[in-house]
Amino acid sequence: MKRTTFRITGLLFLLLALVGLIACNSEETVTLQGEQNGVVLEITYVAEGDEVVEQSTESEIPYSSLMVTTKEEAQAILDPIVAEIQGTEGLEHNIDYQEDKAIETMTIDYTTADLSEISALPGSNFEGSEDADMVSLEQSVEMMESQGFEVVE
């Protein structure tokens, strides 16, 4: 009888440990939307636990928010900024210049990117220690919500 109880207890412990490991390694995706200075942004975080492993941003930038009216004028403003971030490991960036707005897409793979290099890029918005070794999902969502963003997914 004692052996059976020991085996059942051991199996229950193993089951709880497996459930805990699965929960810790589960992937979570959170998408936020907001507007800043006329630019509509959608930011998606993909995290394992609290650690963000990927962040993607899509920005709809009306030329009027840049105080210009043409695609060429917008390119003159945005292309030098784009040139600064090109070649950054773990970062993919693209701008699609349309008739009255630019659609900017950017994806950061934090598993390959150097966090200190990413945090130093123009437009980066990092809080916390400069020597942090990860991006926290919880802190990122809180920061974005404090800036008026809303969770949509």
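Residues numbered from 1 in each chain as written. Predicted model: local features only at pLDDT ≥ 70, side-chain atom pairs only at ≥ 80, totals over all residues. Heavy atoms only, no water.

### Remarks on the pattern of salt bridges
Part 1: The tally for this structure, following the rule as stated, stands at one salt bridge.
Part 2: Taking the shortest distance from any N to any O, the salt bridge between E60 and K101 comes out at 3.8 Å. Within this pair, whereas E60 is found in strand 3 (residues 51-62), its partner K101 is found in strand 5 (residues 101-109), the two being separated by 41 residues in sequence.
Part 3: Given a relative accessible area of 22%, K101 falls into the partly exposed group. (Salt bridge = Lys/Arg side-chain N within 4 Å of Asp/Glu carboxyl O. Helix = DSSP H or I, 4+ residues; strand = E, 2+ residues; numbered from the N terminus. Buried < 20%, exposed > 50% of the residue type's maximum accessible area, 1.4 Å probe, protein only.)

### Comments concerning helix 4 (residues 137-146)
Turn by turn, an α-helix covers 3.6 residues, leaving residues three or four places apart pointing in a common direction.
Part 1: Taken together, the buried positions of helix 4 are occupied by L137, S140, V141, M143 and M144. Seen end-on, helix 4 carries its buried residues on one side only, within an arc spanning 160°. Those residues of helix 4 that are exposed and aimed more than 90 degrees away from the buried face are Q139 and S146.
Part 2: On its buried side, helix 4 packs onto strand 1 (27-36), strand 2 (39-48), strand 3 and strand 6 (150-151).
Part 3: Two or three places before E138, at the opening of helix 4, S136 has a side-chain oxygen 3.4 Å from that residue's backbone nitrogen.
Part 4: With its phi angle positive at about 95°, G148 sits one or two positions after the end of helix 4. (Arc of directions from axis to C-beta. Contact = heavy atoms within 4.5 Å. Polar contact = N/O pair within 3.5 Å; in protein donor to acceptor, adjacent residues only side chain to side chain.)

### Topic: helix 2 (residues 71-85)
Part 1: Over its 15 residues, helix 2 extends 21 Å from the first C-alpha to the last, a length consistent with the 21 Å expected when each residue adds 1.5 Å.
Part 2: The sharpest bend along helix 2 reaches about 35° and sits at L78, with the proline P80 one to four residues further on.
Part 3: Among the residues of helix 2, A74, L78, V82 and I85 are the ones counted as buried.
Part 4: Positive phi appears at G87, one or two residues downstream of helix 2, with a value of about 85°. (Expected span 1.5 Å × (residues − 1). Bend = angle between axes of the 7 residues up to and from the residue.)

### A closer look at a negative patch on the surface
Part 1: On the surface, E27, E28, E48, D50, E51, E54, E92, D133, E138, E142, E145 and E150 cluster together into a patch of negative charge.
Part 2: Among the elements of the structure, strand 1, strand 3 and helix 4 are those that each provide at least two residues to the negative patch.
Part 3: For E142, the position within the fold is in helix 4. (Patch = residues over 30% accessible without salt bridge, like charges linked within 9 Å, V, L, I, M, F, W, Y side chains within 5 Å. Areas by Shrake-Rupley, 256 points an atom, 1.4 Å probe, with all protein chains shown as cover. Lys, Arg positive; Asp, Glu negative; His and termini not counted. Charge placed at Lys NZ, Arg CZ, Asp CG, Glu CD.)

### Here we look at the sheet that holds strand 1
Part 1: Spatially, the six strands line up as an open sheet ordered 4-5-3-2-1-6, and their pairing is antiparallel. Where the open sheet ends on each side, the last strands, each with one partner, are strand 4 (91-97) and strand 6.
Part 2: Here strand 2 runs beside strand 3; their pairing, made up of nine bridges, is antiparallel. In the sheet register, A47 faces strand 3, and the bridge partner there is V52.
Part 3: The sheet strands contacting helix 2 are strand 3, strand 4 and strand 5, and the helix crosses strand 4 at an angle near 175°. (Pairing = 2+ DSSP bridges. Axes fitted to C-alpha atoms, helices over the stretch in contact; angles between N-to-C directions.)

### Quick notes on the side chain of S59
Part 1: Here S59 shows up in strand 3.
Part 2: S59 gets classed as buried once you look at its relative accessible area, which sits at 5%.
Part 3: Those residues in contact with S59, other than ones at most four positions away along the chain, are V39, V40, L41, A102, I103 and E104.

### Digging into the confidence of the model for the protein chain
Part 1: Taken residue by residue, the protein chain gives an average pLDDT of 82. The fraction at 70 or more is 76%.
Part 2: Of all helices and strands in the protein chain, the one with the weakest mean pLDDT is helix 1 (residues 2-24) (44), whereas strand 2 scores best (97).
Part 3: This stretch, residues 4-23, has a pLDDT under 50; its non-local contacts, to residues over four places away or in other chains, come to zero contacts. (pLDDT = per-residue confidence, 0-100.)

### Topic: the environment of K101
Part 1: In this structure the C-alpha to C-alpha distance between K101 and A74, which are 27 residues apart in sequence, comes to 8.5 Å.
Part 2: Sequence-distant contacts of K101, defined by excluding residues within four places in its chain, comprise E60, I61, P62, Y63 and D96.

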